[in-house]
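Chain by chain, the residues:
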Amino acid sequence: MPVGSPGGSSPGGRRTRRVRMTGAQRREQLLDVGRQLFAERGFEGTSVEEIAHKAGVSKPVVYEHFGGKEGLYAVVVDREMRLLLDMVTSALTGGHPRELLEQAAFALLDYIEQSTDGFRILVRDSPVAQSTGTFASLISDIATRVEDILGEEFKQRGFEPKLAPMYAQALVGMVALTGQWWLDVRRPKKADVAAHLVNLAWNGLSGLEPKPRLIGHRKA
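Residues numbered from 1 in each chain as written. Predicted model: local features only at pLDDT ≥ 70, side-chain atom pairs only at ≥ 80, totals over all residues. Heavy atoms only, no water.

Per an unreviewed UniProt entry, the protein is named TetR/AcrR family transcriptional regulator, and its organism is Streptantibioticus parmotrematis.

Structural data, given as structure tokens:
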């Protein structure tokens, strides 16, 4: 009889009992398992049977907690979106506008580095029929937080503030798509990627710096 099963014995002869999870603990376990499988295989390539098997439970347990694969996926996506949005929002602490660009670039690259599985899930086309489950809507949410900053900068420079939303979408989209590419190659280093992104966004193609530098406190 396996160690840890009801009535099983440890190597020293002591009888052991399976540790029973609380409902909250089981829910978190299923979320962790689902997150890993969705990142590896995508929504369509993952089944309730696989989720249950990897978690060591029966299929009804998955349905009990989430109503099915769709419900589990929706919670995983929502958590990852909130995590990324929080990281971006907290990173934009002010300073020179160029430094704000650096902060935004680092926030996304930090998220990719720290939550690789989550980012892989977010960049897939969401099969769940809801407007908040796509990478495009996530980028739009982040851009909304950036456009206010750009709007103020446009006013100070005499530009049309109404164009700030368009520029915000362009900037955030550039960083996000570059991050999607960097997810797999991981070259060059994170700080170099951030520096080159800001170089293009700040200076434009006609004014690119041959060796861009970071002006903020983040250097790595």
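After presenting the structure, the write-up continues.
Student: Could you give me a rundown of the packing of aromatic side chains, with the residues and numbers involved?
Tutor: In the structure shown here, the tally under the stated rule is 6 aromatic pairs. Relative to Y73, the ring of F38 lies with its centre 5.1 Å away and its plane at 85 degrees, an arrangement referred to as edge-to-face. With a gap of 35 residues between them, F38 in helix α1 (residues 23–41) and Y73 in helix α4 (residues 69–91) connect regions that are remote in the sequence. Exposure class is identical for F38 and Y73. Each is buried. (Phe/Tyr/Trp six-rings, centres within 6.5 Å; stacked < 30°, edge-to-face > 60°. Helix = DSSP H or I, 4+ residues; strand = E, 2+ residues; numbered from the N terminus. Buried < 20%, exposed > 50% of the residue type's maximum accessible area, 1.4 Å probe, protein only.)

Student: How would you summarise the side chain of R98 if you had to cite specific residues and measurements?
Tutor: Among the secondary structure elements, R98 is positioned in helix α5 (residues 97–114). In terms of polar contacts, R98 uses its side chain to reach the backbone carbonyl oxygen of R213, at 3.3 Å. When neighbours within four sequence positions are excluded, R98 is seen to be in contact with V198, W202, N203, E209, R213 and I215. (Polar contact = N/O pair within 3.5 Å; in protein donor to acceptor, adjacent residues only side chain to side chain. Contact = heavy atoms within 4.5 Å.)

Student: Before we move on, can you summarise α4 with the specific residues and values?
Tutor: Along its 23 residues, α4 runs 33 Å from first to last C-alpha, staying within 8% of the 33 Å computed at 1.5 Å per residue. Every buried residue of α4 is accounted for by K69, L72, Y73, V76, V77, E80, M81, L84, L85, M87 and V88. The inward-facing, buried residues of α4 abut α1, α2 (48–55), α3 (59–66), α5, α6 (116–122) and α7 (135–157). (Expected span 1.5 Å × (residues − 1).)

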